[in-house]
Amino acid sequence: MGQPESRDYRGPEDSALPPGQRVQRGWPVTHYGPVPKFKPDRWEFRVFGATADGDKHCWNHAEFSVLPFSTVVADLHCVTKFSMLGAEWGGVPTRTIVDLAPPAPGVTHVMVWAEYGFSANMRLSDFTAERAIFATHKDGELLTAEHGFPLRLIVPHLYAWKGPKWVRGVEYMTADRRGFWEERGYHNLGDPWREQRYSYQEEPGDGPEL
Ligand SMILES: Nc1nc2c(c(=O)[nH]1)N[C@H]1C(S)=C(S)[C@@H](COP(=O)(O)O)O[C@H]1N2
Ligand SMILES: [Mo]
């Protein structure tokens, strides 16, 4: 077989590689801005916005580190067209966070926040997808600083800009709002299987007015 294979299988209609993507050897580093320095005593993970109980939920680094750990195998698709297939991500499933800090009934979307104000929006259903995970590890090793240490989000079925590195929290929202790249020309939904790369491809209903 000449084609790279993903270790996870999504369904008969899917090939391993979304349209227009190619596999790149190694693991490129892609992000906007500088790599933040991790300050363990100041780090906090916050769930806020429209929570069920109206309170903010916070974990310091020690508290976050003892949340139940699990692993998923998932691909990473960058909109600049490289994909990395079959990585094993270890960390805390997004569903665990949602169980511990449930959203209010009217929540439809989340904004995931990272250091320096980087953000990515997605539907609550995308955020709570089965394999979505706040990752601390890749292939059994701690993430490096440039790949998002101490924590990054992986949402396997969306383009990788929807997975902030250096993530610090989640805002529950009762309406959609654009994140950092979604305000800057990238598609509000970002499904690589539909090649939803740029905002000019959006159809009515795909996202808030630009
Ligand atoms: N905080 C932050 N996270 C980010 C980005 C960014 O600019 N800032 N870029 C995203 C993009 S476009 C991609 S492709 C992936 C790249 O992850 P990698 O550098 O580990 O390959 O990180 C995503 N997470
Ligand atoms: Mo990207």
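Residues numbered from 1 in each chain as written. Chains lettered and ligands numbered in written order. Predicted model: local features only at pLDDT ≥ 70, side-chain atom pairs only at ≥ 80, totals over all residues. Heavy atoms only, no water.

Named according to an unreviewed UniProt entry, the protein is Sulfite oxidase-like oxidoreductase originating from Streptomyces jumonjinensis.

Caption draft 1: Structural detail: the environment of E146. Tracing the chain through its elements places E146 in the loop between β9 (141-142) and β10 (152-154). If sequence neighbours within four positions are ignored, E146 has contacts with V29, H31, V35, K165 and W166. (Helix = DSSP H or I, 4+ residues; strand = E, 2+ residues; numbered from the N terminus. Contact = heavy atoms within 4.5 Å.)

Caption draft 2: Seen up close, the pairing of strand β6 (residues 109-114). Counting buried positions along β6 gives five out of six residues, so the element sits mostly inside the fold. Pairing geometry for β6 and strand β7 (residues 119-123), over five bridges, is antiparallel. When the sheet's bridge partners are listed, V110 is paired in β7 with M122. Here β6 folds back onto β7 in antiparallel fashion, the turn holding four residues, of which Y116 has a positive phi close to 60°. One ladder, built from six bridges, connects β6 with strand β11 (residues 167-173); its direction is antiparallel. When the bridges of β11 are listed, M111 appears paired with E171. (Buried < 20%, exposed > 50% of the residue type's maximum accessible area, 1.4 Å probe, protein only. Pairing = 2+ DSSP bridges.)

Caption draft 3: Summary view of the sheet that holds β7. If you trace the five strands from one edge of the open sheet to the other, you get β3-β2-β11-β6-β7, paired in mixed fashion. Of all the strands in the sheet, just β3 (57-60) and β7 have a single pairing partner and so form its edges. Sheet twist, expressed as the mean angle between neighbouring strand axes with direction ignored, is 15°. Summarising the sheet, strand β2 (residues 44-49) and β11 pair through four bridges and their orientation is parallel. (Axes fitted to C-alpha atoms, helices over the stretch in contact; angles between N-to-C directions.)

Caption draft 4: A look at unusual backbone geometry. Geometrically, the link from F149 to P150 is a cis peptide bond, its omega value of 10° lying close to zero. Mapped onto the elements, P150 comes out in the loop between β9 and β10. Phi is positive for K81, close to 95°, though the residue is something other than glycine. Examined against the element boundaries, K81 turns out to sit in the loop between β4 (70-77) and β5 (82-93). Located in the positive-phi region is Y116, a residue other than glycine, with phi close to 60°. Residue position: Y116 is located in the loop between β6 and β7. On the accessibility criterion, Y116 (60% relative accessible area) is exposed.

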